[in-house]
Amino acid sequence: MKNNCPKCNGTGIVKEEDGSVHTCWDCLMSGDMDVHSDKVADSKIKI
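Just so you know, these numbers come straight off a predicted model, no measurement behind them.

Draft legend 1. Broad picture of the overall build of the protein chain. Helix and strand counts for the protein chain come out as 1 helix and 2 strands. When its helices and strands are written in sequence order, the protein chain yields β-β-α. Going through the 47 residues of the protein chain one by one, you find that 13% of them count as buried. Considering only residue pairs separated by 6 or more positions, the protein chain has 15% of its internal contacts joining residues 24 or more positions apart. Carbon and sulfur atoms form 53% of the exposed surface of the protein chain, whose accessible area is close to 4,400 Å².

Draft legend 2. Structural context of the environment of Cys-5. Position of Cys-5 relative to the elements: it lies in the segment before strand E1 (13-15). The class of Cys-5 is buried, set by a relative accessible area of 4%. Expressed as a C-alpha distance, the spacing of Cys-5 and Asp-26, which sit 21 residues apart in the sequence, is 8.3 Å. Not counting the four nearest positions on each side in its chain, Cys-5 is found in contact with Gly-10, Cys-24 and Cys-27.

Draft legend 3. Local environment of the pattern of salt bridges. In this structure the tally under the stated criterion is 1 salt bridge. Here Asp-26 and Lys-7 are joined by a salt bridge, their closest N and O atoms 3.1 Å apart. Here Asp-26 is found in helix H1 (residues 25-29), whereas its partner Lys-7 is found in the segment before E1, with 19 residues between them in sequence.

Reading the values: the criteria
- Residues numbered from 1 in each chain as written.
- Predicted model: local features only at pLDDT ≥ 70, side-chain atom pairs only at ≥ 80, totals over all residues.
- Heavy atoms only, no water.
- Helix = DSSP H or I, 4+ residues; strand = E, 2+ residues; numbered from the N terminus.
- Buried < 20%, exposed > 50% of the residue type's maximum accessible area, 1.4 Å probe, protein only.
- Contact = heavy atoms within 4.5 Å.
- Areas by Shrake-Rupley, 256 points an atom, 1.4 Å probe, with all protein chains shown as cover.
- Salt bridge = Lys/Arg side-chain N within 4 Å of Asp/Glu carboxyl O.

This is the structure:
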């Protein structure tokens, strides 16, 4: 993430005034976020 991003301040998460939270679309669209993780939590879903 961009450490100087005015919306998420490098966290990748934007907190809106109404209390809702979402991904920082600016960092995602600029390619600064890795959408894949090698540390995926075990959801216990069987495939």
